Structure formats: structure tokens, C-alpha cells
Amino acid sequence: MPLNDLSLTPAIATVLFFVAVVAGYRYRRTWKAEGPRWQLWLFGVIAAVCLLILGFTPMAN
């Protein structure tokens, strides 16, 4: 599959958005509770990767 054919379906985009929101919520809860740093990194990276994929991958028609 060439990279030019790479696109997100609306269902996959919705799932990625949901995962980003949940990871961001968990990040904020861990940060407010002064939880372990590894959890902050985990949730922050998951949210960032999901949002970057949503921002830079085109949607399918």
C-alpha cells in the first residue's frame, strides 16, 4: 500500500479522537493527584500521537 493511499475513515478518526480525549483526561487526573511520572508520560504520549495522526492524515471520502 503506497503512502499516498493512506487515509482515515470516519470510524477510525472517531475512535482516535475518543482515545485522545480519554488519555488527556487521565493525564489531567494523574497530574492533579501528583501521580507517577511514567503515567503522565504514557497518557501524554498517547494523546499527542492520536492528535497528530488526526491532524496530519487526510480523511477518506
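Keep in mind that this is a model prediction, so the values were computed, not measured.

Scoring rules and cut-offs
Residues numbered from 1 in each chain as written. Predicted model: local features only at pLDDT ≥ 70, side-chain atom pairs only at ≥ 80, totals over all residues. Heavy atoms only, no water. Helix = DSSP H or I, 4+ residues; strand = E, 2+ residues; numbered from the N terminus. Expected span 1.5 Å × (residues − 1). Buried < 20%, exposed > 50% of the residue type's maximum accessible area, 1.4 Å probe, protein only. Contact = heavy atoms within 4.5 Å. Arc of directions from axis to C-beta. Core = buried A, V, L, I, M, F, W, Y, C linked by side-chain atoms within 4.5 Å. Patch = residues over 30% accessible without salt bridge, like charges linked within 9 Å, V, L, I, M, F, W, Y side chains within 5 Å. Areas by Shrake-Rupley, 256 points an atom, 1.4 Å probe, with all protein chains shown as cover. Salt bridge = Lys/Arg side-chain N within 4 Å of Asp/Glu carboxyl O.

## Things to note about helix α1 (residues 10-32)
- Along its 23 residues, α1 runs 33 Å from first to last C-alpha, staying within 8% of the 33 Å computed at 1.5 Å per residue.
- Within the span of α1, buried status applies to Ala13, Leu16, Ala20, Ala23 and Thr30.
- Against the buried residues of α1 lie α2 (37-56).
- The positive-phi residue at the C-terminal boundary of α1 is Glu34, with phi of around 50°.

## Structural notes on α2
- An ideal rise of 1.5 Å per residue puts 28 Å on 20 residues; α2 measures up with 28 Å between its terminal C-alpha atoms.
- For α2, the full list of buried residues reads Leu40, Phe43, Ala47 and Cys50. Each buried residue of α2 lies within a common arc of 120° when the element is viewed along its axis, so the set occupies one face. Residues Arg37, Trp38, Trp41 and Phe56 are exposed on α2 and point more than 90 degrees away from its buried face.

## So, the environment of Cys50
- Take Cys50: it is sitting in helix α2.
- A sequence separation of 34 residues divides Cys50 from Leu16, and the C-alpha atoms of the two residues are 5.7 Å apart.
- Residues in contact with Cys50, not counting those within four places in the same chain, are Leu16, Val19 and Ala20.

## Describing the nonpolar core
- Counting five residues, the largest nonpolar core consists of Leu8, Ala13, Leu16, Ala20 and Cys50.
- Element by element, the count of residues in this core is highest for α1, at three residues.

## As for a nonpolar patch on the surface
- Taken together, the side chains of Val15, Phe18, Val19, Val22, Trp38, Leu42 and Ile46 make up a nonpolar region of the molecular surface, amounting to roughly 650 Å² of accessible area.
- When contributions to the nonpolar patch are tallied by element, the ones reaching two or more residues are α1 and α2.
- The element best represented in the nonpolar patch is α1, accounting for four residues.
- Relative to the helices and strands, Val22 is located in helix α1.

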